[in-house]
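Chain and residue survey
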Amino acid sequence: MQEPAITPDLIAAHGLKPDEYDMILEIIGREPTFTELGIFSAMWNEHCSYKSSKKWLRTLPTSGPQVICGPGENAGVVDIGDGQAVVFKMESHNHPSYIEPYQGAATGVGGILRDVFTMGARPIASMNALSFGEPGHHKTRQLVNGVVEGIGGYGNCFGVPCVGGEVRFHPAYNGNCLVNAFAAGLADSDKIFYSAASGVGMPVVYLGAKTGRDGVGGATMASAEFDDTIEEKRPTVQVGDPFTEKRLMEATLELMQTGAVISIQDMGAAGLTCSAVEMGDKGGLGVRLDLENVPQREEDMTAYEMMLSESQERMLMVLKPELEAEARAVFEKWDLDFAIVGETIAEDRFLILHNGEVKADLVLSKLSSTAPEYDRPWEATPEAEELAEVPQIDPIDGLRALLASPNYAGKQWVYEQYDTMVMADTARTPGLGAGMVRVHGTDKALAFTSDVTPRYVRANPVEGGKQAVAEAYRNLTAVGANPLATTDNLNFGNPEKPEIMGQFVGAIQGIGEAVAALDMPIVSGNVSLYNETDGQGILPTPTIGAVGLLNHTDDIIGNEVREGHVALVIGE
Amino acid sequence: MRAAVIVFPGSNCDRDLAVAFEQAGFQVDMVWHKDAALPEGVDIVGVPGGFSYGDYLRCGAIAAQSPICKAVVDHTKRGGYAIGVCNGFQILTETGILPGALLRNAGLKYICRTVGLKVETSDSAFTEGYNAGDVIGIPIAHHDGNYFADDATLAKLQDQDRVAFTYTENPNGSVGDIAGIVSENRRVLGMMPHPERAADDGHGGTDGTALFRALSGVLAPA
Amino acid sequence: MKARVHVMLKNGVLDPQGEAVRHALGAMGFDQVEGVRQGKVIDLELAEGATEADITEMCEKLLANTVIERYEVELV
Amino acid sequence: MKARVHVMLKNGVLDPQGEAVRHALGAMGFDQVEGVRQGKVIDLELAEGATEADITEMCEKLLANTVIERYEVELV
Ligand SMILES: Nc1ncnc2c1ncn2[C@@H]1O[C@H](COP(=O)(O)OP(=O)(O)O)[C@@H](O)[C@H]1O
């Protein structure tokens, strides 16, 4: 098949700026092939490379005696004592959810669950933080319905209890809804699995669902600002298959028990490309892939399509060759595809062959290490103006108005569509403050909360960032939990605008100061930028997901107010 | 006293049901859906909640065709005990072990919450720990729990006192508010609500405990 | 060979999905819509030699639940 | 007037339902089945005066999400 010529238009369509393309030419010393261009665009887009945010993320406190693994892997890992660890992360699926609310939200849940079980943890709790436009806006109803059904459709089938989340409405989200999904799992602390490959000549194994042309170019889209041409950029949206995901989880955890797994990485954005590069890069190895062995759902797929496909419910592993038969048996038991698609090599190369033909031949370590990193200009958010006189209204009328506002009204309509009790360990379902699940078979429990108040962050990013963390801290302590650690999902507008970048920088500063003061380090997270439509950005929304531990379920502070109880106000 | 809990690839309440059985004194075998036979000496089969085969096509339809379901059908034909909860109830109707079918909830939404159930009969191994007329709180969690049976079937269920539980406030459109029914020999129970989620006071309450206890009373070796 | 199977709820069985669609269409201003029933369509790709009787058997055994549904088979 | 609308996933889009049905039919011994795609069928009962253009509009606005689905309208 004739591959397209590399033209400026093609380069632009891959979301690469002219100077970024010049960097590519310099790194490889020649013009890239079509497949190589695709690989670079996937590795270097904002979503995978964090090119605008990396500099600032590095300033966040990420360590502490409780932290087993901080940011940099699929999810953070935190010690909960007795040889066990909680593994958690939060991730956004904002743009896909706006285009296809059900499937976009569903695959967002799928992605975060995979991040957790890839590390060897069985998911035990989930949360979802949602921001929508005004209730009266013509798209809102359909988005709310679709997103909530999608989250439920996926999570309920997979079988993880939803214990919390947020739902807010504000006109700033009219053109960009936010769907942030959190998942936490439980693992033995000495059996955590990482992505770094080791050993030369080890089989690289593909597991899970077959590869289709889903979302080819999707990672590039997730980092692009929306405008009226959105219709044209629409890629094939992925359809989630929670039943396959559930089997993939069971098979992965079972396989880990056999001792066959050297390293493992889920295929998320820009699937095969990102996962293979990450395993090689972290392990200081090269990787060769023979794409004809990739299980394919469609005919005549090209190397380019396979390298960029975002088909869901797939994993890449490096296996001990002597245990291959055992591994294969586990996957056959669960009726999943299993194929050896390549091997680790000693040379620092990312070598992609398709039916023996070289489709890409790059220096592997350069793919991520040379990714552009920007120190984008930023402007501190000016101090907010004093509010006008607070209008005087009757307190009861005020209370009524608050209760009637969609932002403060009860959210049963949402969380009753989620299975909040599966696994039979939910000690506190959503409703008030933090949710809680017991650590199965022990007296302990884990509490979860997700918080941010975007209008505070807009008014003062530093204080708003602190406030989000403080609120999370209070939600955990209020149920009797000891706050352990935090994940964050930083949703902002276009970082190329200094005032937006200023919100980002300020919020990170505030979050960093607060998590340091409260000893709840950031162990994982996700950044979603370019949440803008026609130049209209969202409110800065750095969602904080926090986890706390109760050493004994007797310590749970209940929320049932009874006659005879005394009410106290604590604090200023 | 032995219980077998069937495990389909998409079951997700299998462990929960096993825990509830164990707490009531049963020894539990987990039985894989590809197995063609139940273990020897099983007193009761539990078909758990979840999404057996993703609930694609119709809830429980594909599961009903699995090898293990043939064995479950044989077991019940021999007069063996079985309980199907939620997806398990859907599977029992799809295999024809229990009459009727479960349709999409009338409100079209998945619903997870604790609901009031009225015990309609205490005349079964499952319900003899309650008094007819008792109202208990048991969680539901389903998308397709809208029980349907034609008029003749319905009349028969009522005449034979086979409605085990009804909803005090019908959440899903079920005909006659039916939440659970028993088989003609009263040894098979299918119900949409999850008694195993209400068998522990740290989670979901304890109104379901009496069901498992009654079973262990009936099935304990003399 | 290709076959298309339609599986619809039987007439006496309430169809809340169809009802919801009718309602939504009405709310959008399509007041010409008087009734909606929603069902499933299953397209089968079959090897040579498959017969209509095979398809009927598939419907009876799996594709439809005849307690609540009826089906139509169309060879294409 | 009556119309029948078929809404199917577009060709390249994963159809987990169809795949599951194919797998189940295979396991039941129907090995003639080579592929299955599952979709929705929506039967509309329309007042006099409704046009095919109206139905197309309903499809575009509500019945199908053309990002992943395609539809066919048939007047009956
Ligand atoms: N806001 C953030 N704060 C802390 N860590 C972050 C943040 N955003 C991303 N990270 C970390 O960067 C790594 C890469 O993130 P991401 O690309 O979202 O993960 P994945 O590979 O699962 O898609 C992860 O380890 C993540 O925890």
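Only a predicted model underlies this, so the values are computations on that prediction, with no experimental measurement involved.

The rules behind these values
Residues numbered from 1 in each chain as written. Chains lettered and ligands numbered in written order. Predicted model: local features only at pLDDT ≥ 70, side-chain atom pairs only at ≥ 80, totals over all residues. Heavy atoms only, no water. Helix = DSSP H or I, 4+ residues; strand = E, 2+ residues; numbered from the N terminus. Rg over C-alpha atoms; globule rule 2.2 N^0.38 Å. Buried < 20%, exposed > 50% of the residue type's maximum accessible area, 1.4 Å probe, protein only. Contact = heavy atoms within 4.5 Å. Areas by Shrake-Rupley, 256 points an atom, 1.4 Å probe, with all protein chains shown as cover. Lys, Arg positive; Asp, Glu negative; His and termini not counted. Charge placed at Lys NZ, Arg CZ, Asp CG, Glu CD. Buried area = accessible area lost by both parts, 1.4 Å probe. Salt bridge = Lys/Arg side-chain N within 4 Å of Asp/Glu carboxyl O. Polar contact = N/O pair within 3.5 Å; in protein donor to acceptor, adjacent residues only side chain to side chain. Nonpolar A, V, L, I, M, F, W, Y, C, P; charged D, E, K, R; others polar. Axes fitted to C-alpha atoms, helices over the stretch in contact; angles between N-to-C directions. Parallel < 35°, antiparallel > 145°, perpendicular 65-115°, else oblique. Least-squares fit on C-alpha atoms with pLDDT ≥ 70 in both. Near = heavy atom within 4 Å. UniProt positions renumbered as here; feature names shortened; annotations may be inferred. Patch = residues over 30% accessible without salt bridge, like charges linked within 9 Å, V, L, I, M, F, W, Y side chains within 5 Å.

Across its full length, chain B carries five helices and eleven strands. Relative to a compact globule of 222 residues, whose C-alpha radius of gyration would be 17 Å, chain B shows 15 Å and is just as compact. Each principal axis of the C-alpha distribution contributes one length, and for chain B these read about 40 × 40 × 35 Å. For chain B, the residues scored as buried account for 65% of the 222 residues in total. Considering only intrachain contacts with a sequence separation of at least 6, the fraction spanning at least 24 residues in chain B is 73%. Just so you have it, chain B exposes about 7,300 Å², and 46% of that area is on carbon and sulfur atoms. Averaging the coordinates of the 17 positive side-chain charges in chain B and doing the same for the 26 negative ones gives two points 5 Å apart.

The partner chain D presents 32 residues to the 32 residues of chain C that form the contact. Both faces combined, the contact of chain C with chain D buries some 2,800 Å², and carbon together with sulfur accounts for 66% of it. Per-residue buried area on chain C facing chain D is highest for F30, Q32 and V41 of chain C; these three make up 18% of the total on that side. Where chain C touches chain D, the interface holds two salt bridges. Here E72 of chain D and R4 of chain C are joined by a salt bridge, their closest N and O atoms 3.5 Å apart. At the boundary of chain C and chain D, one finds 15 residue pairs in polar contact (both at pLDDT 80 or more). Of all the elements in the fold, those that place two or more residues in the side of chain C that touches chain D are β1 (2–9), α1 (16–27), β2 (33–46) and α2 (52–63) of chain C. Sorting elements by how many residues they give to the side of chain C that touches chain D places β2 of chain C first, with 14 residues. Here the side of chain C that touches chain D is composed, by residue class, of 17 nonpolar, five polar and ten charged.

This brings us to the packing of α1 of chain C against helix α2 (residues 52–63) of chain D. Where α1 of chain C contacts α2 of chain D, the two axes come as close as 11 Å, and the packing angle between them is 105°. Taken together, the axes of α1 of chain C and α2 of chain D are roughly perpendicular relative to one another. Along its contact with α1 of chain C, which presents V21, A24 and L25 of chain C, the element α2 of chain D presents M58, L62 and L63 of chain D. Residue composition of the contact of α1 of chain C with α2 of chain D, by class: six nonpolar, no polar and no charged.

With that settled, the discussion passes to the relation of the copies chain C and chain D. The two chain copies are connected by a rotation around an axis plus a translation along it. Least-squares fitting of chain C to chain D yields an RMSD of 0.2 Å, with the transformation described by 0.0 Å of translation along the axis and a rotation of 180°. Such a combination of turn and shift is consistent with a two-fold rotation axis. Relative to the rotation axis, the closest C-alpha in chain C is found at K40 of chain C, a distance of 2.3 Å. The fraction of interface residues of chain C whose copies in chain D are also interface residues reaches 100%, indicating that both copies meet through the same surface.

Further remarks concern the site of the ligand. All names here are of chain A. In the vicinity of the ligand there are 17 residues, among which Y50, G72, E73, K89 and D488 approach most closely. Contact distances for the ligand include 3.0 Å between an oxygen atom and a side-chain N or O atom of D115. Between N526 and the ligand, the recorded distance is 2.9 Å, taken from a backbone N or O atom to a nitrogen atom. When residues of the shell around the ligand are traced back to their parent elements, those giving at least two are β3 (84–92), β17 (482–491) and β18 (522–528). With five residues, the top contributor of residues to the shell around the ligand is β18. Per-class residue counts for the shell around the ligand are seven nonpolar, five polar and five charged.

As a further point, take unusual backbone geometry. All names here are of chain A. Of note in the backbone geometry, M423 takes a positive phi value of approximately 85° without being a glycine. Taking relative accessible area as the criterion, M423 reaches 11% and is therefore assigned buried. The backbone of A424 sits at a positive phi, close to 55°, despite the residue not being glycine. Its place among the elements puts A424 in the loop between α17 (412–415) and β14 (426–428).

One widely used convention gives an interface's size as the accessible area the parts lose upon coming together. Listed as interface residues are 15 residues of chain C and, on the opposing side, 14 residues of chain B. Salt-bridge contacts for R58 of chain B lead to E69 of chain C; the nearest nitrogen and oxygen are separated by 3.6 Å. At the boundary of chain C with chain B, the tally comes to five residue pairs in polar contact (both at pLDDT 80 or more). Among the elements of the structure, α1, β2 and α2 of chain C are those that each provide at least two residues to the side of chain C that touches chain B. Classifying every residue of the side of chain C that touches chain B gives ten nonpolar, two polar and three charged.

It is possible for side chains of opposite charge to pair when their charged atoms get near one another. Scanning all chains against the criterion turns up 60 salt bridges over all chains. Among the ionic pairs, E149 of chain A bridges to K109 of chain B, the shortest N-O distance being 3.0 Å. In this pair, E149 of chain A is assigned in helix α8 (residues 140–158) and K109 of chain B in the loop between β5 (101–103) and β6 (111–119), connecting two distinct chains. With a shortest N-O distance of 3.3 Å, D144 of chain B and R104 of chain B are connected by a salt bridge. Pair noted here: D144 of chain B is in the loop between β7 (135–142) and β8 (146–148) and R104 of chain B is in the loop between β5 and β6, with a separation of 40 residues, a long-range link. Given a relative accessible area of 11%, D144 of chain B falls into the buried group. According to the relative accessible area criterion, R104 of chain B is partly exposed, its value standing at 25%. Several salt bridges share partner residues, and in doing so they unite R213, D214, R297, E298 and E305 of chain A into one network.

As a further point, take the environment of D190 of chain A. All names here are of chain A. Mapped onto the elements of the fold, D190 is located in the loop between β6 (178–188) and β7 (203–208). Looking at D190, the relative accessible area reads 63%, which means it is exposed. Between the alpha carbons of D190 and A85 there is a distance of 8.8 Å; along the sequence they are 105 residues apart.

So, about the arrangement of the chains. The structure contains five pairs of chains in contact, of which chains C and D account for the largest number of contacts. Left apart from each other, chain A and chain C have a closest C-alpha approach of 11 Å.

Turning next to the UniProt feature "active site" (unreviewed entry) in chain B. Residues and elements named next belong to chain B. When the UniProt feature table is mapped to this numbering, "active site" (unreviewed entry) covers C86, H194 and E196. Across 111 residues, the annotated set stays spatially compact, with a maximum C-alpha separation of 10.8 Å. Mapped onto the elements, C86 comes out in the loop between β4 (81–85) and α3 (87–94). Using a relative accessible area of 6% as the deciding quantity, one classes C86 as buried. In this view, C86 contacts G49, A141, H142, M191, M192 and H194; residues no more than four positions away in its chain are not counted. Here E196 lies in the loop between β11 (188–191) and α5 (209–219).

This next bit is on a nonpolar patch on the surface. All names here are of chain A. Taken together, the side chains of I396, L399 and L403 define a hydrophobic patch exposed on the protein surface, amounting to about 290 Å² of accessible area. Mapped onto the elements of the fold, L403 is located in helix α16 (residues 395–404). Using a relative accessible area of 53% as the deciding quantity, one classes L403 as exposed.

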